[in-house]
Amino acid sequence: MSENNEKVGLETFHYDNTTVRNFLVATTIFGIIGMSVGLLVACQFVWPEANFGLQYTTFGRVRPLHTNAVIFAFVGNGIFAGVYYSLQRLCKTRMYSDLLSKIHFWGWQLIILSAAITLPLGMTSGKEYAELEWPIDIAIALIWVVFGLNMFMTIIKRRERHLYVAIWFYIATFVTVAMLHIVNSFELPIDFMKSYSWYAGVQDALVQWWYGHNAVAFFLTTPYLGLMYYFIPKASGRPIYSYRLSIIHFWALIFIYIWAGPHHLLYNALPDWAQSLGVVFSVMLIAPSWGGMLNGLLTLRGAWDKVREDAILKFMVVAITCYGMATFEGPLLSLKNVNAIGHFTDWIVAHVHVGGLGWNGFLTFAMLYYLIPKLYNTKLHSQKLANVHFWIGTMGILFYAIPMYWAGFTQSLMWKQFNPDGTLVYSNFLETVTQIIPMYALRAFGGLLYLSGVFVMVFNLIKTAKSGSFQAGTEAQAAPLMKDYKPEKSEHWHRRIFEWKPVRMLVWSLVLVAIGGAIEIIPTFLIQSNVPTISTVKPYTPLELNGRDIYVREGCYTCHSQMIRPFRSEVMRYDPADLEYSKAGEFVYDHPFQWGSKRTGPDLHRLGGKYPDSWHFYHMLDPTSMSPGSIMPPYPWLFEQEWDKRRTPAKIRAMQTLGVPYPEGYDAQAVADAENQAALISKGLELEGIKMSSDAEIIALIAYLQRLGTDIKNVEGVAEGN
Amino acid sequence: MKKLKYILLILIMVLPGLSFGQEAAEQQSFFEQYKIEIVLGLTVVISIVTVVAMYVLLIALKMVLKLKRAEMGIEEEEKELIPAKEGEEGVGFWRRFWNRLNDSVPVSKEHEIATDHEYDGIRELDNRLPPWWLWGFYISILFAVVYLINYEVLGTGPTQDEEFQAEMMQAEEDVKTYLASLGDLIDESNVTLSTETADINAGKAIYDANCAVCHAADGGGGVGPNFTDKYWLHGGDMPSIFKTIKYGVPSKGMIAWEAQLSPKKMQQVASYIYMMEGNTAANPKEPQGEVFERNDGTVEDNPESNPDFVDDEAALEDDECC
């Protein structure tokens, strides 16, 4: 700080604690809601009846509610609470605008509320972790900009010359999330709450997982690293271990992270080169991630005696350890031979929950235990209860993760096991599911433990708050910055170049994160050879398109993949007749893509023509009638509701805008064509003794399911109309 | 309390194992399948054990040497594995080892590497980068370069399609060799009815697991046709039933079972289905196809001698049913 910091008359100001408190309350409430919904969906694996027989609470719709609630509501509010608290103190100034803080807080809660209403209603864009429909997407972008503006203006009018490492992470978070969200949310609305992804098939998958992976990176990781850099030294009273480690791991992390998205699509219909980039950048990511872990853990040197007593530090240590484990496991899973085993299984679910429950959850709890007594000017009600919470939570994580690792590994091995005569040992997919149901039960128990811990915390914190009085503003004093500052030559290069220049920091962060995204995504759009066309692949018929919308609405992708990987065990299981794995050219009309990321049920990409229509009819009405022991829930409402005739012309027009080659003016004819096809299916069912109106949603869904993956087999190219 | 905690911990680790005991029976082909993974795992375990063993040996050796020296009367001041640095006196072995591993300045000397940064009371040290971390980073970058050269520049690494083709070819060869080693192969040209109790029981098990959902447990039919009447869509003799099971009738939703059932199993289930004709079903489906006259209930039918079988695909074309 040197001579530039001569006291030029101290200014007195107040930190805004109210917004911080509000965000803390919100993170707690939505933590409980998000985790309870998680527990509900976990129970549905063991007792499918736990969907209460309602479409609004069936797995495919509630699972996105769980992920959105814990990521954007629980962790999101946690980020904002931590940022609002630490940023003011690190910049020695009140937040730039109380109005913007208010808009930010209430805007974000409204977004969450709208998500909680629309997702159970089945309003979804069908893209994992980005399910919210277009009006909410726009609201998110706006509120995110409000947050960014408020944060950035606070930084601009700071009274501390240099930006602490936590703020670097906040800046990178803001700019990258904005970029990811905007690029991934390009969608064409057909009316309020219904839209189609701008991208199709392979491109959509690449953009989506570039987003999805970096939502983990820049929503669940970088802001929390920022929080770690603030709260660990504060809670332990120890200095940060290594400044140069901060610099290197920060820049390396944000640059490398953005490239790693394709590791979610290994052995999928993605060009080989993109997969290779995903692999190598994931491997190079270990060191930058561990740099953060080391800087956190080693900061605690000389404070380990405190860790033994202090629940806050304990939570932090486990959080950082989980971060270290998850960021080692991630690169491991990105090696293609390991991914071949782990992908589509519960291993991935275990992996994300080590990160989510351990890293994000425990760091949030540590922050809550640290901040509530501070904001209420009192002491924590009970250290003992906090320790109880710590142990219950840790047990919860173990009970969650270990059975899921076990389940994932077991199921994957069962999928791949062959008899010497070339047949699959577990040819019935269901066998591999029923085998791991005990693991699902244990997992639900782990979730219950974890959630119980949160209730213990809430009790403790309420007691704490009641014992003190809320401090709406903390008074502080600092001198304003002098205008004519020039860094000295003797200063560290990073301080000279970046740390007193927030705009420069922002621009370079953006440049670094844009490089990887651009190099991976743009060629897939521009270079034809990346998605080899297949001449027999034709657009969906209007009825199939409606069926597909139902498939998306019901969130079928949360349990079923549409991606047969190029393995013997997968082509033998899913396409024994032709042994075709899924090709990039088959998905060119898929807005959005529905490859999925988890197989609780079998892959559906070559489902078309596998079973008669009547099989699907009975199966959707009661899955156990056709697959005894199935844990798929029944879908009776599909037999009562009617498929969407009204919006069909608009759907066709939207598809045309997106480049799907329907003949000109086809929208006028679409409904009639759809009705004809529906009547045919309905008549076919009648011959099987099934009476069903051709207007029922099930008819459209059957049309879509029977079309899946069949075009590639039409040598003559007759695809339309079945 | 402490003990209880540990017992619980161990229980969590072991619990998942309990429900999977039943898999042990199928281990043989499992080992075949996962040779590489097992070898890799073993290598890791062995290398860890080796390192630990060498460490123990080293300590043992030191102790022996010390004893020897004491015997010989040589007095020597104790040397430590990792000598203490300045400022580290009185710090335990592991702490010193840890500091050395990370190249950290010990806590007692940290004022020497403190920067003048201070933010809201947070100070920053400037320890050197942990060498193992830095080298790990370098190695991962080297890995990336080599990987990209191998797969994307030189193209010496296989693409995923090449890997797939190789896997399929290898599997085809293995299966062929295995089937050849069995001698008599069952296929549609030589399949015969087996009335052995063991075969029929096995056939029933396969039928109940795979066929009953569509054809009903008693063969009365449902989504699929009725097996108890004399009407057959695709022929009712052994070779025809076998063939329908093996290749399926994809256009009508009958799956090809070739990939999932071995020839022997297909013979067993075909025999079981064959014997169903004439049974009484609880809910028989209406007849589909044509009356199929079997030459003889027990002897194999020769497809060539049976005109119905040969034309049966063609005959089906006009069949509006199903």
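Computed from a prediction, not measured in an experiment: that's the story for all the values here. (Residues numbered from 1 in each chain as written. Chains lettered and ligands numbered in written order. Predicted model: local features only at pLDDT ≥ 70, side-chain atom pairs only at ≥ 80, totals over all residues. Heavy atoms only, no water.)

> Can you help me understand the overall build of chain B in this one?
Counting secondary structure elements, chain B contains eleven helices and four strands. In chain B, buried positions account for 34% of the 322 residues. Pairs at least 24 residues apart make up 60% of the contacts formed inside chain B by residues separated by at least 6 positions. By element, 63% of the accessible surface of chain B is carried by carbon and sulfur atoms, the whole surface being about 19900 Å². (Helix = DSSP H or I, 4+ residues; strand = E, 2+ residues; numbered from the N terminus. Buried < 20%, exposed > 50% of the residue type's maximum accessible area, 1.4 Å probe, protein only. Contact = heavy atoms within 4.5 Å. Areas by Shrake-Rupley, 256 points an atom, 1.4 Å probe, with all protein chains shown as cover.)

> Please explain the interface of chain B and chain A as it appears in this structure.
How big an interface is tends to be reported as the loss of accessible area on association of its parts. Between chain B and chain A, the residue contacts involve 80 residues of the former and 97 residues of the latter. It is Tyr119, Asp120 and Gln160 of chain B that lose the most area in chain B upon contact with chain A, and together they represent 10% of the buried surface on that side. Here aspartate 126 of chain B ties to arginine 244 of chain A by a salt bridge, and the two come within 3.1 Å at their closest N and O atoms. Run the count over chain B and chain A and you get 22 residue pairs in polar contact (both at pLDDT 80 or more). Here the side of chain B that touches chain A gets eleven residues from one element, more than from any other, and that element is helix 5 (residues 131-153) of chain B. (Buried area = accessible area lost by both parts, 1.4 Å probe. Salt bridge = Lys/Arg side-chain N within 4 Å of Asp/Glu carboxyl O. Polar contact = N/O pair within 3.5 Å; in protein donor to acceptor, adjacent residues only side chain to side chain.)

> Explain a nonpolar patch on the surface to me, please; I cannot follow it from the model alone.
All names here are of chain B. On the surface, a cluster of nonpolar side chains totalling about 1100 Å² of accessible area is made up of Val44, Ile48, Val52, Tyr55, Val56, Ile59, Met63, Trp94, Phe97, Trp98, Leu101 and Trp132. Taken together, the elements giving at least two residues each to the nonpolar patch come down to helix 3 (35-72) and helix 4 (93-102). Sort the elements by how many residues they give to the nonpolar patch and helix 3 lands first, with seven residues. Overall, isoleucine 59 belongs to the partly exposed group, its relative accessible area being 35%. (Patch = residues over 30% accessible without salt bridge, like charges linked within 9 Å, V, L, I, M, F, W, Y side chains within 5 Å.)

> Please explain unusual backbone geometry as it appears in this structure.
With glycine set apart, most residues show a phi of negative sign, and most peptide bonds adopt trans. All names here are of chain A. In this model, histidine 591 is joined to proline 592 through a cis peptide bond whose omega is -10°. Within the secondary structure, proline 592 sits in the loop between helix 20 (568-574) and helix 21 (613-621). Even without glycine at this site, phenylalanine 52 takes up a positive phi of about 60°. Mapping phenylalanine 52 onto the fold places it in the loop between helix 1 (18-46) and helix 2 (59-91). Even without glycine at this site, asparagine 377 takes up a positive phi of about 50°. Relative to the assigned elements, asparagine 377 resides in the loop between helix 13 (346-375) and helix 14 (383-416). A residue is classified by how much of its surface remains accessible, and asparagine 377, at 56% relative accessible area, is exposed.

> Where do I start with the side chain of aspartate 126 of chain B in this structure?
Here aspartate 126 of chain B lies in the loop between strand 2 (122-125) and helix 5. At 3.0 Å, the side chain of aspartate 126 of chain B and the backbone nitrogen of arginine 244 of chain A are in polar contact.

> Which parts of the structure should I look at to understand the confidence of the model for chain B?
Predicted coordinates in areas of low pLDDT are best not read in detail. Per-chain confidence: chain B averages 78 in pLDDT, with 74% of residues scoring 70 or above. Low confidence marks residues 18-27 of chain B, where pLDDT is under 50. Its contacts with residues over four positions away, or in another chain, come to 14 contacts. (pLDDT = per-residue confidence, 0-100.)

> Would you mind going over the nonpolar core with me for this structure?
Nonpolar side chains in soluble globular proteins tend to end up buried together. Residues Trp108 and Phe365 of chain A are the most contacted members of the largest nonpolar core, which totals 207 residues. At 21 residues, the largest contribution of residues to this core is made by helix 6 (residues 201-236) of chain A. With sequence-adjacent residues up to four places away left out, tryptophan 108 of chain A is seen in contact with Phe72, Gly76, Asn77, Phe80, Ile103, Ile140, Ile143, Trp144 and Phe219 of chain A. In this structure, Tyr551, Cys556 and Leu705 of chain A together with Ile255 of chain B belong to the second largest nonpolar core, which totals 73 residues. (Core = buried A, V, L, I, M, F, W, Y, C linked by side-chain atoms within 4.5 Å.)

> Before we go on, may I ask you to explain the pattern of salt bridges in this structure?
Where charged atoms from two side chains of opposite charge approach closely, those side chains can pair. The tally for this structure, following the rule as stated, stands at 41 salt bridges over all chains. Here lysine 234 of chain A ties to aspartate 120 of chain B by a salt bridge, and the two come within 3.3 Å at their closest N and O atoms. Here lysine 234 of chain A, found in helix 6, pairs with aspartate 120 of chain B, found in the loop between strand 1 (114-119) and strand 2, and the two come from separate chains. Here the salt bridges share partners, and the residues they tie into one network are Asp191, Lys194, Asp549, Asp644, Arg647 and Lys651 of chain A.

> Quick question: what am I supposed to make of the domain arrangement of chain A here?
All names here are of chain A. Examined at the domain level, chain A breaks down into domain 1 (13-480 + 511-520) and domain 2 (542-713). Averaged C-alpha coordinates put domain 1 and domain 2 at centres separated by 33 Å. Contact residues are listed per partner, giving 62 residues for domain 1 and 54 residues for domain 2. Between domain 1 and domain 2, the buried area comes to about 4900 Å², and carbon and sulfur atoms account for 65% of it. The largest share of the area that domain 1 buries against domain 2 comes from Tyr196, Phe344 and Phe429, three residues that together contribute 16% of it. One salt bridge in this structure joins arginine 647 and aspartate 191, with 3.0 Å as the shortest N-O distance. Here domain 1 and domain 2 share 20 residue pairs in polar contact (both at pLDDT 80 or more) between them. Here the element with the most residues in the side of domain 1 that touches domain 2 is helix 6; it accounts for six residues. A breakdown of the residues in the side of domain 1 that touches domain 2 according to their chemical character gives 31 nonpolar, 21 polar and ten charged. (Domains from an automatic or database assignment. Nonpolar A, V, L, I, M, F, W, Y, C, P; charged D, E, K, R; others polar.)

> How should I be thinking about the packing of aromatic side chains in this particular structure?
Each aromatic ring pair is described using two quantities: the centre-to-centre distance and the angle formed by the ring planes. Residues and elements named next belong to chain A. Enumeration according to the criterion identifies 70 aromatic pairs over all chains in this entry. Pairing tryptophan 259 with phenylalanine 281 gives two aromatic rings, centres 4.2 Å apart and planes at 5°, and the pair type is stacked. In this pair, tryptophan 259 is assigned in the loop between helix 7 (243-257) and helix 8 (272-284) and phenylalanine 281 in helix 8, connecting sequence segments 22 residues apart. A single burial state applies to tryptophan 259 and to phenylalanine 281, both of which are buried. An aromatic cluster of three or more residues is present, and its members are Phe23, Phe72, Phe80, Tyr84, Phe105, Trp106, Trp108, Trp144, Phe147, Phe174 and Phe219. Here the basic side chain of arginine 443 rests over the ring of phenylalanine 45, its NZ or CZ set 4.7 Å away from the ring centre. (Phe/Tyr/Trp six-rings, centres within 6.5 Å; stacked < 30°, edge-to-face > 60°. Lys NZ or Arg CZ within 6 Å of the ring centre and 35° of its normal.)

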